[in-house]
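Reading the structure
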Amino acid sequence: MVTNKMWGGRFARGPASIMEVITPSIDFDKRLAVQDIAGSKAHARMLAMQQIIGQADCEAIIRGLDLIENEIADGTFAFSRALEDIHLNIESRLRELIGDAAGRLHTARSRNDQVVTDFRLWLREACVRADQGLEALQRALHGQAEAHYATIMPGYTHMQPAQPVTFGHHCLAYVEMFYRDRGRFSDASKRLNESPLGAAALAGTPFPIDRDVTSKALGFARPMRNSLDAVSARDFALEYLAAATIAATHLSRLAGEIVQWSTPAFGFVRLSDAFTTGSSIMPQKRNPDAAELIRGKTGRVLGDFVALATVVKGLVLTYGTDLQEDKERVFDAADTLELSLAAMAAMVADLTANAEKMRAACEPGFPTATDLADWVVRVLKKPFREAHHIAGSIVKVAEDKGVSLDKLALADMQAIEPAITAEVFKVLSPEASVNSRMSLGGTAPARVKEQLHHWRSILR
């Protein structure tokens, strides 16, 4: 067995055979090829500008990297596990293409600052993709909200009917959640947008490099100020994973509601054949598989966050090969989140709401009991705690008689509180309840229209 000629001058013998299995990262970090080439081009140009390498060598390096980029794009590049990672694979091929000039590219840098530069560039793009996926989902939800801004459905607390709301209002709640998710990815992108390139192995370099030049060339806001932090920090990856975990949790909540709403017991929505599957034994089944899969994938994204946090928590400064575990976790979470967002956006746009079922579900459970209590406060001038007791007593009578509050006889209400008049029936229907919720952010259709207008201006 021979040593790796790219880095093995220190060693007389090659690594144990098991190292050939555990060490290579090329199987997953080849996804960083575009970013690695971009970083190398910026570094080469800076080295030439600073007269650390000659202009002819720089031009040869750039030409070679262009050829490699084309080979990777058209699928003809031969990745080798023997060369461990994306950096050595590209450098080896560059040497084949341009000869000894390739060896000058690694002047004043290390794989330590190289890989984390690549990783930050990749994650910056992943934040953009997450934002785009979230925006597409917001648009789908906004479309349903526009169609159903006045469609009445039960609102729940503790999974019990609480107060009537509109389906449009319910959809817009998720628009708000996913907007906050977009903000988290935006914040993460801003914080990660600092360049580690030039920190070298850990302590910087004696060569007269210009880190501002490479930082600007790669679109970073600035170089990182501390070389030790530059090569060892992975909080930017953890922050992305945290944002992804929260977004996946929101997706799971929505998926869970879709699963629930699509059951015959609810019947609030219907998913088309495009997003349901049948049973191998029960011909009547329409299983909401897409929603269930999205809900299930939340644990996977959370697991990626926990895994990387566990890797990082005990690491002393600076670099340890433990950090090789960072990319698989982030790649997996990004793939999972982006797929889930695309599936959810398509499913939300596809679903059909059943307004009749939603309205019928507002009959049981006395969801206008709070409206009754509010009427007693507003009209009869009772303290709310007393009004609450009166309304609760009336609900008990209606429950015993098996009728909804708006169908209960006035005399039955007056037996509890003699001052109640027939005017009370104006607030006891679900329609009246919804229309009365005119406070800012409330479910009244007029307020929902305001929310729709607000989001239309943002999502245009």
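Shown above is the structure to which this text applies.
Below is a summary of the structure that appears in this document. (Residues numbered from 1 in each chain as written. Predicted model: local features only at pLDDT ≥ 70, side-chain atom pairs only at ≥ 80, totals over all residues. Heavy atoms only, no water.)

**Considering the pattern of salt bridges**
Once the charged atoms of two side chains with opposite charge are near each other, the side chains can pair. Enumeration over the complete set of coordinates arrives at 32 salt bridges. Measuring nitrogen to oxygen at the nearest pair gives 2.6 Å for the salt bridge that ties Arg 300 to Asp 332. Of this pair, Arg 300 sits in helix H11 (residues 289-313) while Asp 332 is found in helix H12 (residues 325-350), placing the two residues 32 residues apart along the sequence. Relative accessible area serves as the criterion here: at 16%, Asp 332 is assigned to the buried category. Between Lys 382 and Glu 386 there is a salt bridge; the shortest N-O distance is 3.5 Å. A relative accessible area of 22% means that Lys 382 is categorised as partly exposed. The exposure class assigned to Glu 386 is partly exposed, which follows from its relative accessible area of 36%. (Salt bridge = Lys/Arg side-chain N within 4 Å of Asp/Glu carboxyl O. Helix = DSSP H or I, 4+ residues; strand = E, 2+ residues; numbered from the N terminus. Buried < 20%, exposed > 50% of the residue type's maximum accessible area, 1.4 Å probe, protein only.)

**Let's talk about the layout of surface pockets**
Approximately 430 Å³ is the volume attributed to the second largest pocket. Lining the second largest pocket are 20 residues; nearest its centre among them are Gly 155, Tyr 156, His 170, Tyr 174 and Glu 257. In terms of residue count, the dominant contributor to the lining of the second largest pocket is helix H7 (residues 167-192) (six residues). When the residues that make up the lining of the second largest pocket are grouped by side-chain class, the tally is eleven nonpolar, seven polar and two charged. (1 Å grid on protein atoms, 1.4 Å probe; cavity = no way out; pocket = protein on both sides within 12 Å on 5 of 7 lines; lining within 4 Å. Points joined across faces, edges and corners; volume = space filled by probe spheres on them. Nonpolar A, V, L, I, M, F, W, Y, C, P; charged D, E, K, R; others polar.)

**What about the nonpolar core?**
Counting 90 residues, the largest nonpolar core has Leu 123, Phe 185, Tyr 240 and Met 344 as its most contacted members. Take this core: its biggest share by element is 15 residues, from helix H10 (residues 235-261). Within the second largest apolar cluster, 20 residues are counted, among which are Ala 369, Leu 372, Val 376 and Ile 390. (Core = buried A, V, L, I, M, F, W, Y, C linked by side-chain atoms within 4.5 Å.)

**Brief notes about the pairing of strand S1 (residues 152-157)**
Where S1 lies against strand S2 (residues 160-166), six bridges are found, and the strand directions are antiparallel. Bridge pairing in S2 links Tyr 156 to Pro 161. (Pairing = 2+ DSSP bridges.)

All we've got here are geometric facts, nothing functional implied.
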